[in-house]
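Fold and contact review
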Amino acid sequence: MTASPDLGTTRSASPDLLRSVFRQHAAGVAVITAQGEKPVGFTATSLNSVAAEPPLISFGVGASSSSWPVIARAGHIGVHILGEHQQELAATFARSGADRFAPPTAWRGGPEGVPLLDGVLAWLVCRVIDRVPAGDHRIVIAQAVVGDPAGAGRPLLYHQGRFNALRD
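Presented here is an overview of the structure given in this document. (Residues numbered from 1 in each chain as written. Predicted model: local features only at pLDDT ≥ 70, side-chain atom pairs only at ≥ 80, totals over all residues. Heavy atoms only, no water.)

Moving on, we come to the overall build of the protein. Check the secondary structure of the protein and you find three helices and twelve strands. The C-alpha atoms of the protein give a radius of gyration of 17 Å, which matches the 15 Å a tight globule of 168 residues would have. Its C-alpha atoms give the protein principal-axis dimensions of roughly 55 × 35 × 35 Å. Among the 168 residues that make up the protein, the fraction classed as buried is 35%. Carbon together with sulfur atoms contributes 55% to the accessible area of the protein, which is approximately 9,800 Å² in total. When the 14 basic and 13 acidic side-chain charges of the protein are each reduced to a single mean position, those positions are 5 Å apart. (Helix = DSSP H or I, 4+ residues; strand = E, 2+ residues; numbered from the N terminus. Rg over C-alpha atoms; globule rule 2.2 N^0.38 Å. Buried < 20%, exposed > 50% of the residue type's maximum accessible area, 1.4 Å probe, protein only. Areas by Shrake-Rupley, 256 points an atom, 1.4 Å probe, with all protein chains shown as cover. Lys, Arg positive; Asp, Glu negative; His and termini not counted. Charge placed at Lys NZ, Arg CZ, Asp CG, Glu CD.)

Below you can see the structure in the form of structure tokens.
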């Protein structure tokens, strides 16, 4: 069933309305990482493929996020596509104040010094091209440099405020 344009339920634009609408939008789950004095990372559902030539991606990051100061200066970032078996990893990287790179998180230093998470479906190391202010967030645009799409499994999704598995 689809939503009808019933004007009786129309609400004025607000942060709550935007969150409510986007709870209806299933999104893939990624973790973005970067290396500063120590590694940083966060869970992102705003990852997008922007262009094939050159290979560009984008994602949003909150300007008040603990990861933003490192992302703001990083020359390269890591993009990790999570599998349905990685709900706890997604939750760890979404949790404020968590030591995200402590055990049981398995990771290693990758190309350009970017922290790479083990066991993901796919990963990219990307060179940051631009950071665009967008309200209380920043949109980061980056060009893929190297990656690996060969992980096994099915993608983790985020829908209705929860991590979910893809169903056939």
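The next subject is the packing of aromatic side chains. One pass over the structure, following the stated rule, counts four aromatic pairs. For the pair Phe-93 and Phe-101, a centre-to-centre distance of 5.2 Å together with 85 degrees between the ring planes defines the contact as edge-to-face. Judged by relative accessible area, Phe-93 falls into the buried class, the value being 1%. (Phe/Tyr/Trp six-rings, centres within 6.5 Å; stacked < 30°, edge-to-face > 60°.)

Overall, the coordinates contain three salt bridges when judged by the stated rule. Between Glu-84 and Arg-154 there is a salt bridge; the shortest N-O distance is 4.0 Å. Of this pair, Glu-84 sits in the loop between β6 (76-81) and α3 (87-94) while Arg-154 sits in the loop between β10 (137-148) and β11 (156-159); the two residues are 70 residues apart in sequence, bridging distant segments of the chain. Ionic pairing is found between Asp-118 and Arg-108, a salt bridge with its closest N-O pair at 2.6 Å. Of this pair, Asp-118 sits in the loop between β8 (115-117) and β9 (122-134) while Arg-108 is found in strand β7 (residues 107-109), placing the two residues ten residues apart along the sequence. Given a relative accessible area of 34%, Asp-118 falls into the partly exposed group. (Salt bridge = Lys/Arg side-chain N within 4 Å of Asp/Glu carboxyl O.)

Spatial ordering of the open sheet is given by β3-β2-β6-β9-β10-β5-β4, a layout of seven strands whose pairing is antiparallel. Looking at the sheet topology across the chains shown, the edges are occupied by β3 (39-44) and β4 (48-51). In this sheet, neighbouring strand axes are inclined to one another by 35 degrees on average, regardless of whether the strands run parallel or antiparallel. As defined by bridge partners, β6 adjoins β9 across six bridges and the pair is classed as antiparallel. (Pairing = 2+ DSSP bridges. Axes fitted to C-alpha atoms, helices over the stretch in contact; angles between N-to-C directions.)

Here Ser-58 is to be found in strand β5 (residues 56-62). Since its relative accessible area comes to 10%, Ser-58 is described here as buried. Not counting residues up to four positions away in its chain, the partners in contact with Ser-58 are Ser-46, Leu-47, Asn-48, Val-50, Ile-139, Val-140 and Ile-141. (Contact = heavy atoms within 4.5 Å.)

This part is about the environment of His-25. Here His-25 is to be found in the loop between α1 (15-22) and β1 (27-28). Since its relative accessible area comes to 46%, His-25 is described here as partly exposed. Setting aside its immediate chain neighbours within four residues, His-25 contacts Tyr-158 and His-159.

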